[in-house]
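Structural features, examined
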Protein chains: 2
Amino acid sequence: MTAGVLVALCLGDNMYDLIIIGAGPAGITAAVYAARKRINTLVITKDIGGQAAWSGDIENYTGYQFVTGPDLVAKFEEHMRKYDIALKENEEVLEFKKTEDSISVKTNKNTYETRTLIIASGKRSRELGVPGENEFRNKGLTYCATCDGPLFSSKDVAVIGGGNSALDAAIQLMRIAKHVYVINITSSLNGDTVMLEKVEESKIVTVLNDTQVTKISGDRFVTGITIERQGKEEALSVQGVFVEIGLMPNSEFAKNLEKNQYGEIKVSRYNETNIPGVFAAGDVTDVPEKQIIIAAGEGSKAALGAFKYLAQHRF
Amino acid sequence: MTAGVLVALCLGDNMYDLIIIGAGPAGITAAVYAARKRINTLVITKDIGGQAAWSGDIENYTGYQFVTGPDLVAKFEEHMRKYDIALKENEEVLEFKKTEDSISVKTNKNTYETRTLIIASGKRSRELGVPGENEFRNKGLTYCATCDGPLFSSKDVAVIGGGNSALDAAIQLMRIAKHVYVINITSSLNGDTVMLEKVEESKIVTVLNDTQVTKISGDRFVTGITIERQGKEEALSVQGVFVEIGLMPNSEFAKNLEKNQYGEIKVSRYNETNIPGVFAAGDVTDVPEKQIIIAAGEGSKAALGAFKYLAQHRF
């Protein structure tokens, strides 16, 4: 019996060459690339599709002129399932530990061993936490101006937030919408000067400082919001609400990885983290933009990085 | 008359916010993103699709389980043409120059002015550099199995190369040709396991490792090649030669940009080059892997980078 067989017997079916955490665009693309390299791969994920599954209409995934988030995610899932990839759904990674030549991944259900790891656990939107938010999600309320802005042509919309991502959303929307309200909880907007100026100069943008949103209203779709300022509540008629109060990376479980001030996992251009053999890809990382096509590309790079790492090491 | 109108009149229709050079996966994705941001964009390109148009079967563009290169390119093109983007085809960029707040792009037909530039000019096939190569180009010798493979039905052909693109060519040709020789200069083929297996399982493919081509022979068309192995020259009778020995970046016109040892344009993770306002994306850059899905993601990042640059500057 060789040492390799012995190790395999002792570790049973739980030793993988690669574990991918997450099955959004980055994780699924990494899985497809890994499968085509015949890497023995396990995907562990809470859900399929991640943020992409939440998108309404997607018009910027090259090759699909128009596709809904759920439809694109269905195509991604089908693509992944074409290959013989082990998949654990509804399972959450709690922590992982690197030992000398293996990485131990502990979930809420099991513990797995792997040679390499790709973290593609994505982000989640920071929520407003007001009545109506859950009810009108994707029914006029969205967390992504880049994705969904073009759908609000000639409509009145509100951007909730006062930082750069709110300004970015307002600048995008002022070319599309009829009127843009920026609802900012602090006493002034806080962002890049040129962006601030553009927003302030626009005739179709109204900035409401010291103002907070207390309720989202509508019937089938959003018809308005309730705002509170100077102690008084007011109704504002809008057909679109863009919540831009930040995103939270799903990186809490990755305790030993270097992160930036936003909690995003720092990666090299090769998608390496600070722990050798541990890669990260997509929205959970500090990649400059959060887009489906970018996350997919990053997933591919991470899988090819893991493949090279496996090829260059003897276990 | 304001200064802005005067400038616009003087510069006429040739002043753009963004010029994109190239219309492969990176350039097309950049164009789609730019169009959706309402950036006044011009795409200048020699052809549509770039190297992707030359690919055979594509199984790793996430969302498409199986698509041919030409079919995927057709979808990309259709996606781009959906938007009102200025497009100059069959036009080649000769050089560009940055002045204080504008970039002048000179082609073989015209000169254009732009605020920002994205170079997505891709790569082209590397040449063998042996006697007979120029003489029999398009007379039995080709750099594109997808385009020309079907012409070699029931013929004996040679694929020159040992990487993924050589494997792709061999896989395409083994469905068409009578016999396929793979002439590989190194000691073993190097590519995706799935592709390696397909080539190795085929009864009509002969792989010759540690072998190089020294001459292409023929009369009106190719009739054979001379190969050298173990110090001896041999004649091999083939009617088709497919050169798949790698790619060269189309970066010669970008004289002022920093490049790596392979001539690839160096980019930051934000797709910036060393000249502010000039971005680059896809296979022409030093991005670690050359894949359609990665190039598309890079194109998106570059367009969003150009958008931010425009937002942060006043012209």
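Residues numbered from 1 in each chain as written. Chains lettered and ligands numbered in written order. Predicted model: local features only at pLDDT ≥ 70, side-chain atom pairs only at ≥ 80, totals over all residues. Heavy atoms only, no water.

1. Section: the interface of chain A and chain B
The condition that has to hold: When checking whether two residues touch, look at their non-hydrogen atoms; a contact exists if any pair is within 4.5 Å. Accessible area that two parts lose when put together, with a 1.4 Å probe and added across both, is what the buried area reports. Here a strand is any run of E in DSSP of at least two residues, a helix any run of H or I of at least four, and the numbering for each starts at the N terminus. Any residue outside Ala, Val, Leu, Ile, Met, Phe, Trp, Tyr, Cys, Pro, Asp, Glu, Lys and Arg is labelled polar, Gly included; the first ten of those are nonpolar and the last four are charged.
Each side of the interface is counted separately: chain A has 52 residues, and chain B has 50 residues. Of all residues in chain A, the largest losses of buried area upon contact with chain B belong to Arg36, Thr62 and Gln65 of chain A, amounting jointly to 16% of the total for that side. Secondary-structure elements contributing two or more residues to the side of chain A that touches chain B are α2 (25–36), α3 (69–81), α4 (145–148), α5 (164–173), α6 (193–201) and α7 (292–312) of chain A. Considered class by class, the residues forming the side of chain A that touches chain B number 22 nonpolar, 11 polar and 19 charged.

2. Things to note about the packing of aromatic side chains
Stated precisely, the cut-off is as follows: Stacked, tilted and edge-to-face pairs are distinguished by plane angle, under 30 degrees for stacked and over 60 for edge-to-face with tilted covering the rest, among Phe, Tyr and Trp rings (Trp via its six-membered ring) whose centres lie within 6.5 Å. The buried label applies to any residue whose accessible area, calculated with a 1.4 Å probe on protein chains only, is under 20% of its type's maximum; exposed applies above 50%, and partly exposed to all values in between. Think of it as a cone above the ring: NZ of Lys or CZ of Arg counts as a charge over the ring if it is within 6 Å of the ring centre and within 35 degrees of the ring normal.
On inspection of all chains with the given rule, the structure shows 12 aromatic pairs over all chains. Ring centres of Phe152 of chain B and Phe242 of chain B lie 5.1 Å apart, and the angle between their planes is 70 degrees; on these two criteria the pair is classed as edge-to-face. Of this pair, Phe152 of chain B sits in the loop between α4 (145–148) and β11 (156–160) while Phe242 of chain B is found in strand β17 (residues 240–243), placing the two residues 90 residues apart along the sequence. Each member of the pair Phe152 of chain B and Phe242 of chain B is classed as buried. Here the aromatic residues Tyr61, Tyr64 and Phe76 of chain A together with Tyr61, Tyr64 and Phe76 of chain B are joined through ring pairs into a cluster of three or more. Here the basic side chain of Lys37 of chain A rests over the ring of Phe307 of chain A, its NZ or CZ set 4.5 Å away from the ring centre.

3. Focus on the nonpolar core
So the rule is basically this: By nonpolar core is meant a set of buried Ala, Val, Leu, Ile, Met, Phe, Trp, Tyr and Cys residues that side-chain atoms within 4.5 Å join together.
Ranked by internal contacts, the top residues of the largest apolar core, which has 103 residues, are Tyr61, Ile118 and Val180 of chain A together with Tyr61 and Ile118 of chain B. Here this core gets 13 residues from one element, more than from any other, and that element is helix α7 (residues 292–312) of chain B. Setting aside residues up to four positions removed in sequence, Val180 of chain A forms contacts with Val157, Val159, Ala170, Leu173, Met174, Ile204, Val205 and Thr206 of chain A.

4. Notes on the side chain of Ser121 of chain A
All names here are of chain A. Examined against the element boundaries, Ser121 turns out to sit in the loop between β8 (111–119) and β9 (123–125). Residue Ser121 is classed as buried on the basis of its relative accessible area, which comes to 18%. Sequence-distant contacts of Ser121, that is, excluding residues within four places in its chain, are made with Ile21, Gly22, Asn250, Phe253 and Val284.

5. Looking at empty space enclosed by the protein
Heads up, the rule is: Residues are said to line a cavity or pocket when one of their atoms sits within 4 Å of a point; the points come from a 1 Å grid over protein atoms alone, cavities being sets where a 1.4 Å probe fits but cannot get out and pockets being open sets with protein on both sides within 12 Å along at least five of seven lines. Grid points are joined across faces, edges and corners, and a volume is the space filled by probe spheres set on the points.
In the structure shown here, the tally under the stated rule is two cavities of 30 Å³ or more. For the largest cavity, the calculated volume is near 130 Å³. Around the largest cavity, the lining is made up of 14 residues, and of these Arg269 and Lys301 of chain A together with Arg269, Glu298 and Lys301 of chain B lie nearest the centre. At the level of elements, α7 of chain A together with α7 of chain B are the ones that each hand at least two residues to the lining of the largest cavity. Class assignment for the residues of the lining of the largest cavity results in six nonpolar, two polar and six charged.

6. Description of the domain arrangement of chain A
Keep this limit in mind: The start and end points of each domain follow an automatic or database-based domain assignment.
For chain A, the assigned domains read domain 1 (3–124 + 247–312) and domain 2 (127–243). Using C-alpha coordinates to define each centre, domain 1 of chain A is positioned 33 Å away from domain 2 of chain A.

7. What to know about the sheet that holds strand β15 (residues 222–229) of chain B
All names here are of chain B. Definition in use: A pair of strands is treated as paired once DSSP finds two or more bridges between them. Lines fitted to C-alpha atoms define the axes here, with helix axes fitted over just the stretch in contact, and angles between the N-to-C directions of these axes take values from 0 to 180 degrees.
In spatial order, the strands read β14-β15-β16; together these three strands make up an open sheet with antiparallel pairing. Of all the strands in the sheet, the pair left with one neighbour each is β14 (211–218) and β16 (232–237). Averaged over all adjacent pairs, the angle separating strand axes in this sheet is 25 degrees, with direction ignored.

8. Overview of the sheet that holds strand β13 (residues 205–208) of chain A
Residue and element names in this part refer to chain A. Read from one edge of the open sheet, five strands run β10-β17-β11-β12-β13, paired in parallel fashion. Both outer strands of the open sheet, β10 (141–142) and β13, are each paired with one neighbouring strand and no more. Against the sheet, α5 engages β11 (156–160), β12 (179–183) and β17 (240–243), with an angle of about 165 degrees to β11.

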